Amino acid sequence: MKLAERMTRIGVETAFEVLVRARALEAEGRDIIHLEIGEPDFDTPRHIVEAGKTALDQGWTHYGPTQGLPELREVIARYIKATRNIHVGPEHVSVVPGGKPIIFFPLMALLEPGDEVIYPDPGFPIYESMINFLGAKAVPMPLLESRDFSLDLNLLRDSLSPRTKLIILNSPHNPTGGVIPADDIRAIADMVRDRDLMVLSDEIYSRIYFDEPPLSIASLPGMLEKTIILDGFSKTYAMTGWRMGYGVMPTWLVDAVNKLMVNSNSCTASFTQRAGITALTGPQDDVEKMVAEFQRRRDMFCAGLNQLPGFRCPIPRGAFYIFPNISGTGMNSKPLADALLAETGVAGLSGTAFGAQGEGYLRFSIANSYENLAKAVDRIGAFLKHAPLVETAGRG
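Residues numbered from 1 in each chain as written. Predicted model: local features only at pLDDT ≥ 70, side-chain atom pairs only at ≥ 80, totals over all residues. Heavy atoms only, no water.

A.B. asks: So what's going on with the pairing of strand β5 (residues 164-170)? Residues and values would help.
C.D. replies: Burial runs high along β5: six of the seven residues are buried. Here strand β3 (residues 116-121) runs beside β5; their pairing, made up of three bridges, is parallel. Directly across from Ile118, in β5, lies its bridge partner Ile167. Note that β5 and strand β6 (residues 198-202) share five bridges and pair parallel. Considered in β6, the bridge of Leu166 is made with Met198. (Buried < 20%, exposed > 50% of the residue type's maximum accessible area, 1.4 Å probe, protein only. Helix = DSSP H or I, 4+ residues; strand = E, 2+ residues; numbered from the N terminus. Pairing = 2+ DSSP bridges.)

Here's what the structure looks like:
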């Protein structure tokens, strides 16, 4: 017996592979600085934890509605109105176990083999994985450092075709920390408003920004019925292990997602949803403190990396990732990332884990302490003083 052919088209998320390797080194007694995994290093705020515990004590341990608890969907709809100035109701909300199902389920519901999907490169690797898995055509949209890792609007316009079924936007962006300028979002809306396509707007980092707040394309005229908003609790409220995300989309697509949920997960855990209500309606001080701390770390870490030979570190405007250009080291991305883990105990990711356009870059998560980030800069600097040239880098 062998696996179905489609399994050859599905990818993985390199961050988890590197995490396994890093933990294996820790088990051998090595001191590892974890900058590879995309999860806040803060604990879930105490009032949210207490809400989850109370929900367990109250018996919220049974099946719930496939679409999500009505109370939570109502709270999410109000939250979306408040944060995006979008008028939606609970009927537009689908609660799912994590953010990834809002990539997988809508793509499965929308795409036919041969349909084209435009997605960011570098970008979250699950985008391309799901496009390929479903037999659609992946059309990468290069995000260049020269444009602050935003889209080239002319190239986007030229890439649109009659077969374009979906465009994926991610702002703030993983892995670069870029934020698409509001004027560019408006221009993209003008390009696609009258086309027969949908936009998947991945806004999982929407609360983690350091300058102007990101603009949701769904808030623009004529775009609400063409947009799937992906958001959740993992990043904003440090709830990665709670596994709870949600999508906001037209009701006809909610119906399709419900069918896929019934056939896969049945529902999202009820007690986590009760905690989600508290997360959205309770105090937001912990979120604000976390973002301020990420900004403090960003400033120090980028300044430190910019002092290293061969490194050039753009300043990210959102999320909690640093995406330094390392082409000046004379090394390719993956060999350098592997060497830093093996030789210095600094666990980061090769830019190529996020697509071909990631060559010449590394991704570091700043979801670690200020002290450990400073130590990582010192370790990388010491390594670069003695490192031989490994391979010629893919960027000049």
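There is more to say after this.
A.B. asks: Now, about the sheet that holds strand β11 (residues 349-350): what can you tell me, with residues and values included?
C.D. replies: Spatial strand order, β9-β12-β11: three strands in an open sheet with antiparallel pairing. Two strands in the sheet have a free side with no partner beyond their single neighbour: β9 (321-322) and β11. By the bridge criterion, two bridges tie β11 to strand β12 (residues 362-365) in an arrangement that is antiparallel. From the neighbouring strand, Leu349 faces β12, where its bridge partner is Arg363. Of the strands in this sheet, β11 and β12 are in contact with helix α11 (residues 333-344), which crosses β12 at around 40°. (Contact = heavy atoms within 4.5 Å. Axes fitted to C-alpha atoms, helices over the stretch in contact; angles between N-to-C directions.)

A.B. asks: Help me get a handle on the environment of Pro214, residues and values and all.
C.D. replies: With respect to the helices and strands, Pro214 occurs in the loop between β6 and β7 (227-232). As for Pro214 and Gly11, which are separated by 203 residues in sequence, their C-alpha atoms are 29 Å apart.

A.B. asks: Hey, could you go over unusual backbone geometry for me, with residue numbers and the actual values?
C.D. replies: Omega for the bond connecting Asp121 with Pro122 falls within 30 degrees of zero, at 5°, which places this linkage in the cis form. Residue placement: Pro122 occurs in the loop between β3 and α5 (125-133). That bond from Ser171 to Pro172 is cis: its omega, -10°, falls within 30 degrees of zero. Summarising the element assignment, Pro172 is placed in the loop between β5 and α7 (182-192). Positive phi outside glycine occurs at Asp148, with the angle close to 55°.

A.B. asks: I'd like a description of the packing of aromatic side chains, backed by residues and values.
C.D. replies: Following the criterion strictly, the structure yields 14 aromatic pairs and no others. On the basis of an interplanar angle of 80° and a centroid distance of 5.6 Å, the ring pair of Phe42 and Phe294 is categorised as edge-to-face. Of this pair, Phe42 sits in the loop between β1 (33-34) and α2 (46-57) while Phe294 sits in helix α10 (residues 285-305); the two residues are 252 residues apart in sequence, bridging distant segments of the chain. Judged by relative accessible area, which is 28%, Phe42 ranks as partly exposed. Residue Phe294 is classed as buried on the basis of its relative accessible area of 0%. (Phe/Tyr/Trp six-rings, centres within 6.5 Å; stacked < 30°, edge-to-face > 60°.)

A.B. asks: Before we move on, could you go through the pattern of salt bridges and cite the residues and values that matter?
C.D. replies: For the structure shown, the criterion picks out 21 salt bridges. We note a salt bridge from Glu13 to Lys100, for which the minimum N-O separation is 2.6 Å. Separated by 87 residues along the polypeptide, Glu13 in the segment before α1 (14-27) and Lys100 in the loop between β2 (93-96) and α4 (101-110) bring together distant segments of the chain. Glu13 sits in the buried class, given a relative accessible area of 18%. Residue Arg312 is joined to Glu145 by a salt bridge in which the shortest nitrogen-to-oxygen separation is 2.8 Å. Of this pair, Arg312 sits in the loop between α10 and β9 while Glu145 sits in the loop between β4 (137-142) and α6 (153-159), and the two are 167 residues apart along the sequence. Judged by relative accessible area, which is 44%, Arg312 ranks as partly exposed. A residue is classified by how much of its surface remains accessible, and Glu145, at 18% relative accessible area, is buried. Each of Asp41, Glu293, Arg296 and Arg297 takes part in a single network of salt bridges with overlapping partners. (Salt bridge = Lys/Arg side-chain N within 4 Å of Asp/Glu carboxyl O.)

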